[in-house]
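The lines below spell out each chain.
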Amino acid sequence: MSTKNIEPKLKVISHYLELGTNETFAIPEYQRAYSWGILQCDKLWQDIESFIDSGAEDPYFFGTIIVDCSDDKNGKLNIIDGQQRTTTFLLLLKALQLRISNVLKHLARSDETEALEEGLRDSYNKILKILYRATADERVEIKKDWEKAKGITILENHSINELYKKDITTIIEAETFLEAENQVTTLKWKKKDNKYTNFFRNFKFFYNKLSEYQESQLNQFAKIFLDSCQIIEIKSWQIEQAISMFNSLNSTGMPLSDADIISAQLYANSATDTERFSETWARINRLASDMNSHKLINIDGVLQEAMYIFRSKNKEYGKGDVTTPGVRKYYMIEHPELLKEPIKLCGCFEKILQIWDTIKDYPIVKLMLKFNENSKLFLISYLNRYEPKEISKQTVEPIVECLIRLFAVNELVDAGYSSSKFKTFLFDENIHLTDPHYPIEQIKRDFDSHIIKSWDSKDLEVNLLDYSKNTLVFLNEYLYAKSKKSTFNFDDKVNIEHIMPSSGHNIGHIREDAGIATQEEFDVYANKLGNKILLEENINKSIGNNWFRTKKGHLVKDKEGYVGSSFCLALALSHYPKDLWQKKDIDTATEKATKRILSFILGES
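Residues numbered from 1 in each chain as written. Predicted model: local features only at pLDDT ≥ 70, side-chain atom pairs only at ≥ 80, totals over all residues. Heavy atoms only, no water.

K.L.:
Can you tell me about the overall build of the protein chain, naming the residues and giving the values?
P.N.:
When helices and strands are tallied, the protein chain shows 29 helices and 8 strands. The C-alpha extent of the protein chain, read off along each of the three principal axes, is 85 × 60 × 40 Å. For the protein chain, with 605 residues in total, the buried portion stands at 52%. Pairs at least 24 apart in sequence give 74% of the contacts found in the protein chain among residues at least 6 apart. For the protein chain, the exposed area adds up to about 28000 Å²; of that, 48% sits on carbon and sulfur atoms. Charge separation in the protein chain, taken as the distance between the mean sites of 80 positive and 89 negative side-chain charges, equals 4 Å. (Helix = DSSP H or I, 4+ residues; strand = E, 2+ residues; numbered from the N terminus. Buried < 20%, exposed > 50% of the residue type's maximum accessible area, 1.4 Å probe, protein only. Contact = heavy atoms within 4.5 Å. Areas by Shrake-Rupley, 256 points an atom, 1.4 Å probe, with all protein chains shown as cover. Lys, Arg positive; Asp, Glu negative; His and termini not counted. Charge placed at Lys NZ, Arg CZ, Asp CG, Glu CD.)

Structure, rendered in structure tokens:
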């Protein structure tokens, strides 16, 4: 090992990124995933453009990058601080390479463009030298046969948090933008929501920005970025404390998340079994990413839910105490012993994710999430009693209904979740929720007692009759379907249907038919609970302003009415004995919904 401990050097971007023959940038296992998005890339782009516009002679400074050279025998340059910038620089260089290549192919050559062409070729050759370690002879070969540019890795990503390790290499190896897009856009992304990974999204951003440039602007941008933008590279050959440096140093990047910090510490503590830990953490990350795509939970949320479970099971707080430490403080300061057993702790995290994976499509869970995100903390505390394979809809329904009842009250009263009647009660009850010996029947009785003691049923009834928001419309549908022993289900493509439309070109006549005298009264009645139902989204958009007689008598499949709807209340309306939907009908429907929901809240149904 070199006797040098530290070596700082001021380098322009092109010199920093230009590696020796046997050198490779590496992202260590304990690093975070590539998390820069368009916001950060746009800031980078604006900084460079502003620097160019300023005409400043001094170079532009992009901050400090710390490199661990303790593995220099194998040519590994482990980036301790600066991986987000380094990766982004490479993506920008690749976008530049493709744009310059295209411009050179179509440049109208003349004496006036000779200097421009020379400048573009100079930048192009510098980029080939960086991205493909290409000598002059090799650059000639690459220009003849692009296959010669492949198989040359300049950045290896070993992060246990990175789900798309090969994307940067795939993008750099692509001969065209379209090839890069086809290679990195996996079937999963295409089928689901046509999104891209951060790697490709940022690369595309730079490519599109550069596509807006004229030849001379492109030439100037390339020269400035390569030769007038600088970083300070600090090389270290004594890196035993690399992880503690990683935890504290983050000079210009995004703030480190709780999961970034804690996974780094877990990795450090898994010294005897790093391979097993890395595989486990990668599995957790993949499942967390999937659950996040379902809008259920991300990796930081998993750590928080585990903390709630640990604190409740171990009775780490007293009755009435709702103070909660931050996730980082809990694991790093209050209970560092948890981090000493990485595989065991990961097992807790993985179990939480497996439970969410089991219940992610349950309609009643989707209904609960319409109310309050905090409900997830207490649902998972209860379900953690079970192994994921033991959980069924029958297991979930009783506890979810308890939570919905409480948060339905939260919809109706002025007090927020943080008040003692909600948060304090749930914190106290969470000790029971995590206790496998505390029966669900007693939990239901606890909720019954608390709701009846805390709120007057008459006040709740009045508030239900006056309710004008939308969340309880979903609950009303659920309860009606349950009373009919019918299936309740909905997805993201459901809409709130106003039976008597709230707007539209026929609104004057519709108001007259409804027997409503003034616009003010009409606005109130249009938003009453009894005037709203769930309806398939594509149907709702087609029939929204139609008369009731039209909607009740036509088919859902024709996108004209309620007949054949999968929602029970809409289907029931298709058999309504009247052709008019009037003020008294809304009053009757509101009273029925009020009675239905109030009975549920009070535990009477």
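Having seen the model, we can carry on.
K.L.:
Account for the nonpolar core, with residues named and values stated.
P.N.:
Counting 120 residues, the largest nonpolar core has Tyr331, Phe349, Trp356, Leu472, Leu475 and Met500 as the members making the most contacts within it. The element best represented in this core is helix H19 (residues 393-412), accounting for 11 residues. With sequence-adjacent residues up to four places away left out, Tyr331 is seen in contact with Ile262, Leu303, Ala306, Met307, Phe310, Pro336, Leu338, Leu339, Leu345 and Phe349. Of all hydrophobic cores here, the second largest spans 72 residues; its members include Leu91, Trp146, Phe177 and Cys229. (Core = buried A, V, L, I, M, F, W, Y, C linked by side-chain atoms within 4.5 Å.)

K.L.:
Could you give an account of a negative patch on the surface, with specific residues and numbers?
P.N.:
On the surface, Asp111, Glu112, Glu114 and Glu118 cluster together to form a negatively charged patch. Residue position: Glu114 is located in helix H4 (residues 114-132). (Patch = residues over 30% accessible without salt bridge, like charges linked within 9 Å, V, L, I, M, F, W, Y side chains within 5 Å. Salt bridge = Lys/Arg side-chain N within 4 Å of Asp/Glu carboxyl O.)

K.L.:
Would you mind going over the sheet that holds strand S2 (residues 24-27) in detail, with residue names and values included?
P.N.:
Pairing is mixed across the open sheet formed by 6 strands, whose spatial order is S1-S6-S3-S4-S2-S5. Looking along the sheet, the strands with just one partner apiece sit at the ends: strand S1 (6-12) and strand S5 (155-157). Strand-to-strand twist of the sheet, defined as the mean angle between neighbouring strand axes without regard to direction, takes the value 30°. Pairing geometry for strand S3 (residues 60-68) and strand S6 (residues 229-236), over 7 bridges, is parallel. Bridging across to S6, Ile66 finds its partner in Ile234. Helix H10 (residues 215-227) contacts S1, S3 and S6 of the sheet and is inclined by roughly 30° relative to S6. (Pairing = 2+ DSSP bridges. Axes fitted to C-alpha atoms, helices over the stretch in contact; angles between N-to-C directions.)

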